[in-house]
Amino acid sequence: MPDGSMAGRLSLYSAHRLKLGLFGANCSSGRAVTLVPERWSGSWPDCLRLAVMADEAGIDFMLPVGRWKGYGGDTDYQGATLETVTWAAGLLAKTKRLTVFGTVHAPLIHPVIAAKEFVTADHIGEGRFGLNVVCGWNEGEFEMFGVVQRDHETRYDYAEEWLGAVKAMWGRADEFDFDGNYIKLKHVRAKPKPYGGTRPIIMNAGASPTGQAFAVRNCDALFIATKLATLDKSAQHVRDVTALARQSGREIAVYTVGVVTCRKTTQEAEDYYRHVMVDHADWSAVDEILALKDIRAERYPADKFRRLRADFANGMGGLPIVGSPDAVAADLAKLSAAGLTGIAVSFVNYADELPYFCAEVLPRLARLGLRETCL
C-alpha cells in the first residue's frame, strides 16, 4: 500500500516490471481525433468512473494532458478539458492505489501557488500525486494568459528555475529568499510539506536534446516516442538516457505513450482502428493541429505528409497497438524488452474498453512476468 516513501513513489507503489497508465482522459475525445459517437467525453463523472475502475484493476497511474484551448475541427477536439491538478485531487480522494499526475505549464503558474497546490493534492492522495512539468508549445494558449512564449532554449532554463523554486518550498523548513534570473521570491514560507517527508515523482516529455537534458537533470521519469519497427533505436535511446542520468548520480525511468485497440481477433481490431482513425477521423482538427506545429503539405513529400496526418489522427502521434489480446500483450512485452519502464495508453472510449483490456491483456502480461496477478 502507498506509504509516501521515495522508493514507493518512484515505483508507483507496485512491483510490476511494466507499468501501465491511462493518458489524456481529462480531455474531450481523449487522444483519438475522431468523429465516432462513442468517443470519450472527458466529463468528470466519466473520469471518476474510469479512475475507480483503473484503481481496482491495478493500473498504475493516470496522466492528464495540460490543455487550455481546443483544436477546432468538427468535434472541437480537446475543446472541453478539466484542469489537471484539481482533477488529480478529486481522483486521489476516491482511489486507494493509483498515482495521479498533474500536468502543469511552468510558465503559466506561479511557483508559490503551484507548490501549494501540489502539496494539497499529495496529502489528499497520501503520497500518490505526481507532477508532469511541461514548458508548452501552443502559442495560442499562451496568448490566452497574456504570456509571451520564450525561445526553445530559454524556456527550459526558466522551467529548471521554476522547478528549483518548487522543490525548495517542498524541502526547506526555514523562511528563505529565492533569487533566480527569472524568479525572485522574498521571505518564502511553505507549510505543510509533501506527504511522508518525501516529494512527488516528477516527469517530463521533452523531445529535443535540450528537453531531454532538462529531464535527466531534474526529473524521475522521461517520456519518449517509440515505434515498434524501430525498437532497437528506442532501446539505445533508453540506454543513453539512463547512462547520462547515472553519470550525474541519478536514476531516471523511461516511458512511452500509445493508443490501444484490442478486440477478440486482430482482424476485428484492425477493422475498428480503420473505422475510427481513418474513415471517421476528424481531419479538419488534424489539419489544425498540424498547422499549429507548422507541418504543411508543401514542406513534405506527399507520402510523408499522409503518414504525418495519419499519425496525428491516432493519438497525436502515439504508438498504435492494434490486435488481439495475444498480439497486444506481445507488443507491450517488446516495449519492456527494449528497456522501457512503462507506457501510458489511451483508448477511443477508456471506460468501455478498459475492462476487456484488463480481463484479457493483464493476465497475459502476468504470465510473461511483466505484471503481478490482477487484483
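None of the values given here were measured: they were computed from a predicted structure.

(A) Local environment of the pattern of salt bridges. Tallied over the full model, the rule gives 20 salt bridges. Arg-49 is the salt-bridge partner of Asp-46, the closest N and O atoms lying 3.1 Å from each other. Placement of the pair is Asp-46 and Arg-49 together in helix H2 (residues 44-57), with a separation of three residues, close to one helical turn. A relative accessible area of 41% places Arg-49 in the partly exposed class. Linking Arg-371 and Asp-60 is a salt bridge whose minimum nitrogen-to-oxygen distance equals 2.5 Å. Taken together, the residues span a long stretch of sequence, with Arg-371 in the segment after helix H13 (350-367) and Asp-60 in the loop between H2 and strand S2 (61-63) at a distance of 311 residues. Each member of the pair, Arg-371 together with Asp-60, is buried. Sharing partners across several salt bridges, the network here consists of Arg-199, Asp-220 and Arg-250.

(B) Region of the structure containing the packing of helix H10 (residues 283-292) against helix H11 (residues 302-313). Taken N-terminus to C-terminus, the directions of H10 and H11 make an angle of 110 degrees; their axes are 9 Å apart at the nearest point. On the basis of their axis angle, the class for H10 and H11 is roughly perpendicular. Residues Trp-283, Val-286, Asp-287, Ile-289 and Leu-290 of H10 form the contact with H11, whose own contacting residues are Phe-305, Leu-308, Arg-309, Ala-310, Phe-312 and Ala-313. Of the residues assigned to the contact of H10 with H11, the class counts are nine nonpolar, no polar and two charged.

(C) Summary view of unusual backbone geometry. Here the residue pair Lys-191 and Pro-192 is connected by a cis peptide bond, since its omega of 0 degrees sits within 30 degrees of zero. Considering the arrangement of structural elements, one finds Pro-192 in the loop between strand S6 (184-188) and strand S7 (201-204). Positive phi values are uncommon outside glycine, yet Ser-29 reaches one of about 75 degrees. Along the polypeptide, Ser-29 turns up in the loop between strand S1 (19-23) and H2. Of note in this structure, Asp-76 is not a glycine but carries a positive phi near 45 degrees. Mapped onto the elements, Asp-76 comes out in the loop between S2 and helix H3 (84-93). For Asp-76, a relative accessible area of 37% gives the class partly exposed.

Definitions and limits used
- Residues numbered from 1 in each chain as written.
- Predicted model: local features only at pLDDT ≥ 70, side-chain atom pairs only at ≥ 80, totals over all residues.
- Heavy atoms only, no water.
- Salt bridge = Lys/Arg side-chain N within 4 Å of Asp/Glu carboxyl O.
- Helix = DSSP H or I, 4+ residues; strand = E, 2+ residues; numbered from the N terminus.
- Buried < 20%, exposed > 50% of the residue type's maximum accessible area, 1.4 Å probe, protein only.
- Axes fitted to C-alpha atoms, helices over the stretch in contact; angles between N-to-C directions.
- Parallel < 35°, antiparallel > 145°, perpendicular 65-115°, else oblique.
- Contact = heavy atoms within 4.5 Å.
- Nonpolar A, V, L, I, M, F, W, Y, C, P; charged D, E, K, R; others polar.

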